[in-house]
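Examining the three-dimensional arrangement
Each chain, written out:
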Amino acid sequence: MDLISTTDLSDEQLTYLLDASENWFQFNRQLRKSDDRLAGLNVVTAFFENSTRTLLSFDIAARRLGAMVTNLPVEISSVSKGESLMDTAFTIDAMRPDVLVLRHPQPGAPRDVAGWMNCPVVNAGDGAGEHPTQGLLDVATIRRHFGRIEGLKVAICGDIRHSRVANSTEKLLRRLGAHVTLAGPKPLMPDAYDGPDGIDHALDGADVVMMLRIQRERLSGDLGDRPGEYLNAYGLTEERLAMASPQAVVMHPGPMNRGVEIEGAIADSDRSLIRAQVEMGVAVRMAVLDQATIERRTRNPA
Ligand code: NCD
């Protein structure tokens with residue numbers, strides 16, 4: 001099974017992955033957290049864009065399932081010598097990995113690479129395209145906290161235009177019956193957006209407030225914003241959070257810029273699920289790696 005987009009998942013697969021993630025979440029709270037279902041299998045990670053959480057959690061997830069993990073250090077690879085993505089994929093494939101976890105700045109790159117590889121490919125973020133495991137972990141974290149998704153009011157705020165997280169998370173939330181409002185500074189909203197500027201309208205009565213950073217690497221030129229100015233105009237302040245439901249929780253996929261899109265004290269408060277998202281990230285990636293390899297494991301039992 002490849003996992004390139006959240007839309008690749010059937011309803012059954014989605015439900016299965018969310019339930020399995022919850023089980024792995026509990027499993028990971030034990031002192032000894034090792035399973036051998038991926039023993040002897042080789043997971044390769046290739047990240048053509050920077051990452052802290054996603055790379056580390058895929059690595060930890062694969063090792064907790066007993067796999068061997070190999071990272072392609074992209075910055076010192078032959079990509080800098082002009083090798084194409086296709087030839088890089090053929091090279092990795094010739095070494096017979098069992099899963100490739102790929103992050104790439106080009107939207108659609110993981111789909112192309114999946115066509116060139118014999119092993120499953122998991123998209124760990126493709127430019128402003130999708131980030132399916134982040135979408136899954138966001139949904140699993142919300143479900144864990146509220147016990148449901150259906151009927152919740154979720155505000156996703158910030159640089160929506162360039163966010164693969166917003167893309168994947170929004171699709172999954174809507175599919176599961178949440179009411180999602182996207183909001184941010186107009187220049188950072190998708191072309192088709194015709195709602196108001198700012199985030200206040202989205203916060204009104206929200207159960208979940210998800211903040212996103214400005215994807216400066218996908219923007220050209222000066223945004224004209226200064227940290228304090230952005231926070232006052234578009235960021236999550238205590239004053240704005242007071243507009244949300246009294247039970248509202250705050251989320252952020254990271255990396256966050258304290259004092260820009262979110263006040264640091266909110267991120268550290270007991271309304272913040274930001275660390276719970278990271279914890280769930282490992283569990284979701286265990287569930288995904290297990291499912292991604294199940295076909296080849298049943299075809300070639302130990
Ligand atoms: C995000 C990403 O890389 O898409 N981070 C993540 O994976 N948790 C968000 C971002 O870069 O802003």
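All of these numbers come straight from a predicted model, not from anything done at the bench. (Residues numbered from 1 in each chain as written. Predicted model: local features only at pLDDT ≥ 70, side-chain atom pairs only at ≥ 80, totals over all residues. Heavy atoms only, no water.)

1. Looking at the packing of helix H1 (residues 11–27) against helix H5 (residues 132–146)
Operational definition: To get an axis, fit a line to the C-alpha atoms, keeping to the stretch in contact for a helix; angles then go from 0 to 180 degrees between the N-to-C directions. Segments assigned H or I by DSSP are reported as helices when at least four residues long, segments assigned E as strands when at least two residues long, and all are numbered from the N terminus. In what follows, roughly perpendicular refers to angles from 65 to 115 degrees, roughly parallel to angles under 35, roughly antiparallel to angles over 145, and oblique to any angle outside these ranges. A crossing counts as left-handed when the near helix is turned anticlockwise from the far one by less than a right angle, and as right-handed when that turn is clockwise. We call two residues in contact whenever any of their non-hydrogen atoms come within 4.5 Å of each other.
Two elements in contact, H1 and H5, have axes separated by 10 Å at closest approach and are oriented at 70 degrees. Comparing the axis directions of H1 and H5 gives the class roughly perpendicular. Crossing geometry of H1 relative to H5 is assigned as right-handed. Across from Leu14, Leu17, Leu18, Asp19, Glu22, Phe25 and Gln26 in H1, the residues of H5 making contact are Leu136, Val139, Ala140, Arg143 and Arg144.

2. Considerations on the pattern of salt bridges
Worth spelling out the cut-off: Salt bridges, as used here, are contacts in which a Lys or Arg side-chain nitrogen is within 4 Å of a carboxyl oxygen on Asp or Glu. Each residue gets one of three labels from its accessible area relative to the maximum for its type: buried under 20%, exposed over 50%, partly exposed in between, using a 1.4 Å probe on protein chains only.
What the rule picks out here adds up to 18 salt bridges. The closest approach of N and O atoms between arginine 143 and aspartate 19, which form a salt bridge, is 3.0 Å. You can see arginine 143 sitting in helix H5 and its partner aspartate 19 sitting in helix H1, a full 124 residues away along the chain. A relative accessible area of 25% means that arginine 143 is categorised as partly exposed. With a closest N to O distance of 2.7 Å, glutamate 279 and arginine 29 form a salt bridge. Placement of the pair is glutamate 279 in helix H11 (residues 274–299) and arginine 29 in the loop between H1 and strand E1 (42–47), with a sequence separation of 250 residues. Because the salt bridges share partners, they merge into one network encompassing Asp35, Arg37, Asp290 and Arg297.

3. A look at the sheet that holds strand E6 (residues 179–183)
Spelled out, the test is: Note on pairing: DSSP must find at least two bridges between two strands before they are called paired.
The strand order across the open sheet formed by four strands is E6-E5-E7-E8, and the pairing between neighbours is parallel. Every other strand in the sheet has two partners, leaving E6 and strand E8 (249–251) as the edge strands with one partner each. Taking each pair of neighbouring strands and ignoring which way they run, the sheet shows an average axis angle of 20 degrees. Here strand E7 (residues 208–211) runs beside E8; their pairing, made up of three bridges, is parallel. Looking across to E8, one finds that valine 208 is bridged to valine 249. Packing against the sheet, H5 makes contact with E7 and E8, and its axis sits at approximately 165 degrees to E8. Across the sheet, helix H6 (residues 164–175) touches strand E5 (153–157), E6 and E7, and the angle it forms with E5 is around 170 degrees.

4. Comments concerning the side chain of aspartate 138
The condition is simple: In this tally, Asp and Glu contribute negative charge and Lys and Arg positive charge; neither His nor the terminal groups of the chain are included.
By the element assignment, aspartate 138 lies in helix H5. The side chain of aspartate 138 sits in the buried core without any salt bridge; arginine 285 is the nearest counter-charge, 8.2 Å away. Once you skip the residues sitting within four places of it in the chain, aspartate 138 turns out to touch Val165, Thr169, Met210, Met251 and Gln277.

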